[in-house]
Amino acid sequence: MPGATDFKRHAMLVDDMATTLGLDLEEQMMRGRLSLSQLEDAVLSCTGCTQPCACEQWLAAQAETAPDAPGYCRNAALFENLRDT
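If you're wondering where the values come from, they're calculated on a predicted model, not measured in any experiment. (Residues numbered from 1 in each chain as written. Predicted model: local features only at pLDDT ≥ 70, side-chain atom pairs only at ≥ 80, totals over all residues. Heavy atoms only, no water.)

A. Representation of helix α4 (residues 52-61) within the structure. Taken as a whole, α4 has its buried residues at Pro52, Cys55 and Leu59. End-on view of α4: buried residues confined to an arc of 50°, all on one side of the axis. What points out from α4, more than 90 degrees from its buried face, is the exposed set Gln57, Ala60 and Ala61. (Buried < 20%, exposed > 50% of the residue type's maximum accessible area, 1.4 Å probe, protein only. Helix = DSSP H or I, 4+ residues; strand = E, 2+ residues; numbered from the N terminus. Arc of directions from axis to C-beta.)

B. Seen up close, the side chain of Thr20. Topologically, Thr20 is positioned in helix α1 (residues 4-20). Its relative accessible area of 13% is what places Thr20 among the buried residues. Apart from the residues within four sequence positions on either side, Thr20 is in contact with Trp58, Leu59, Gln62, Glu64, Thr65 and Ala66. (Contact = heavy atoms within 4.5 Å.)

What follows is the structure, given as structure tokens:
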């Protein structure tokens, strides 16, 4: 099971990915489009990713809003659904 450091790292990755895709997760929650449980599931799913370093590098390389999450992102479908609502 991932430790607190892993959860914090992956929570930041989820938030940074959302921001890079033009999503504000806090706003999504306030609008009822994302529940706390869904956000927790997204972070937990991210902890199972085998490419967090690649993700950090991809995020750092983005100069503006990205059209899509990288193919390896375990939360790509969630982010796409949030964009569509």
